[in-house]
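Secondary and tertiary structure notes
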Amino acid sequence: MPRGGRFYLGYDAERFPDFRYFLSTGKPGEMEGGERYKQTPEIVDELDRGGTARIPTKGKEIVFKRWDNLTDADNPDAVVFFARPEVLSGLFTLANFDRSDPNGGAVCPFGAGCSSIFYYPWLEQQSENPRAVLGLFDPPSARPCVPLDILTMAFPMKMFEKVVGFMEESFLITDSWEKVMKKIDRSSKLHSP
């Protein structure tokens, strides 16, 4: 498992040594180049000062399952969609359907792919008014590992259950969405293996 994955999933309690240089400019003679996701090591330090809650890892595994493979015994923390833009637009609109704050339904925090798929949705699940999390924006780390034109949107489970409850009264029943569905179908045919 990548170092970022171990950290964001709760298996490593601290960042690896020289993380501040890895995420920024590198360290001459020791870590050449760096990822250059942040301009300076000091910005990385400030990012980490914001605090990182530790996920209480219960055992050796965190299980990821396809929705259609869940059983009654499963109790998921989040639902993660790997999707193209048209599907994401629908998910994003659903996430904001019952919110008056234009920034209230979804967030897009900076972080590794695993942070947007698990860590931030888990944090949101702990809040009273959880938000969905857009993700997989971290080139070149995660992007080479995902299919073309795919990003993620992860819903904390208690938010997802709420969203499912108002799907039938939302834009999903309109002619406008029907047009988008046709575009999604065309896109699926173009991008299928």
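Residues numbered from 1 in each chain as written. Predicted model: local features only at pLDDT ≥ 70, side-chain atom pairs only at ≥ 80, totals over all residues. Heavy atoms only, no water.

**Observations regarding the overall build of the chain**
Where we set the bar: A helix here means a DSSP run of H or I that spans at least four residues, while a strand means a run of E at least two residues long, and both kinds are numbered starting from the N terminus. Contacts are residue-level and defined by heavy atoms, with any inter-residue pair within 4.5 Å sufficient. Under the convention used here, a 1.4 Å probe and the Shrake-Rupley method define accessible areas, while residue burial counts only the protein chains that appear.
On a plain count of helices and strands, the chain comes out with seven helices and four strands. Ordered by position from the N terminus, the helices and strands of the chain form the series α-α-α-β-α-β-α-β-β-α-α. Sequence-distant contacts, at least 24 apart, represent 64% of the contacts inside the chain between residues at least 6 apart. Summing over all exposed atoms, the chain offers an accessible surface of approximately 12,100 Å²; the carbon and sulfur share of this is 54%.

**Points about unusual backbone geometry**
In plain terms, the rule: For the exposure calls, accessible area comes from a 1.4 Å probe over protein chains only, and a residue counts as buried if that area is under 20% of its type's maximum, exposed if over 50%, partly exposed in between.
Located in the positive-phi region is R36, a residue other than glycine, with phi close to 60 degrees. Take R36: it is sitting in the loop between α2 (19–22) and α3 (41–49). With relative accessibility at 58%, the residue R36 sits in the exposed group. Positive phi, close to 70 degrees, is recorded for L136, a residue that is not glycine. Along the chain, the position of L136 falls in the loop between β3 (132–135) and β4 (151–156). For L136, a relative accessible area of 4% puts it in the buried group.

**Describing the pattern of salt bridges**
Test applied: Here, a salt bridge means any Lys or Arg side-chain nitrogen found within 4 Å of an Asp or Glu carboxyl oxygen.
In this structure the tally under the stated criterion is ten salt bridges. Shared partners join several salt bridges into a network, and the residues in it are D18, K27 and E30.

**Description of the packing of aromatic side chains**
Given two aromatic rings, one states the distance between the centres and the angle between the planes to describe the pair. Just so we agree on the cut-off: When two rings of Phe, Tyr or Trp (its six-membered ring) have centres within 6.5 Å they constitute a pair, described as stacked for plane angles under 30 degrees, edge-to-face for angles over 60, and tilted for the intermediate range.
For the structure shown, the criterion picks out nine aromatic pairs. Each ring, one from F81 and one from F160, has its centre 6.0 Å from the other, and the planes form 50 degrees; the classification is tilted. One end of the pair, F81, is in strand β1 (residues 78–83); the other, F160, is in helix α6 (residues 157–165), with 79 residues separating them in the sequence. On the accessibility criterion, F160 (12% relative accessible area) is buried.

**Overview of the environment of N103**
Tracing the sequence through the fold places N103 in the loop between α4 (85–96) and β2 (106–107). Linking N103 and R131, residues 28 residues apart in sequence, is a C-alpha distance of 9.3 Å.

**Considering the environment of A106**
Its location among the elements puts A106 in strand β2. On the basis of relative accessible area, A106 is assigned to the buried category, the value being 12%. In this structure the C-alpha to C-alpha distance between A106 and L94, which are twelve residues apart in sequence, comes to 9.8 Å. Not counting the four nearest positions on each side in its chain, A106 is found in contact with F92, N96, R131, A132 and M153.

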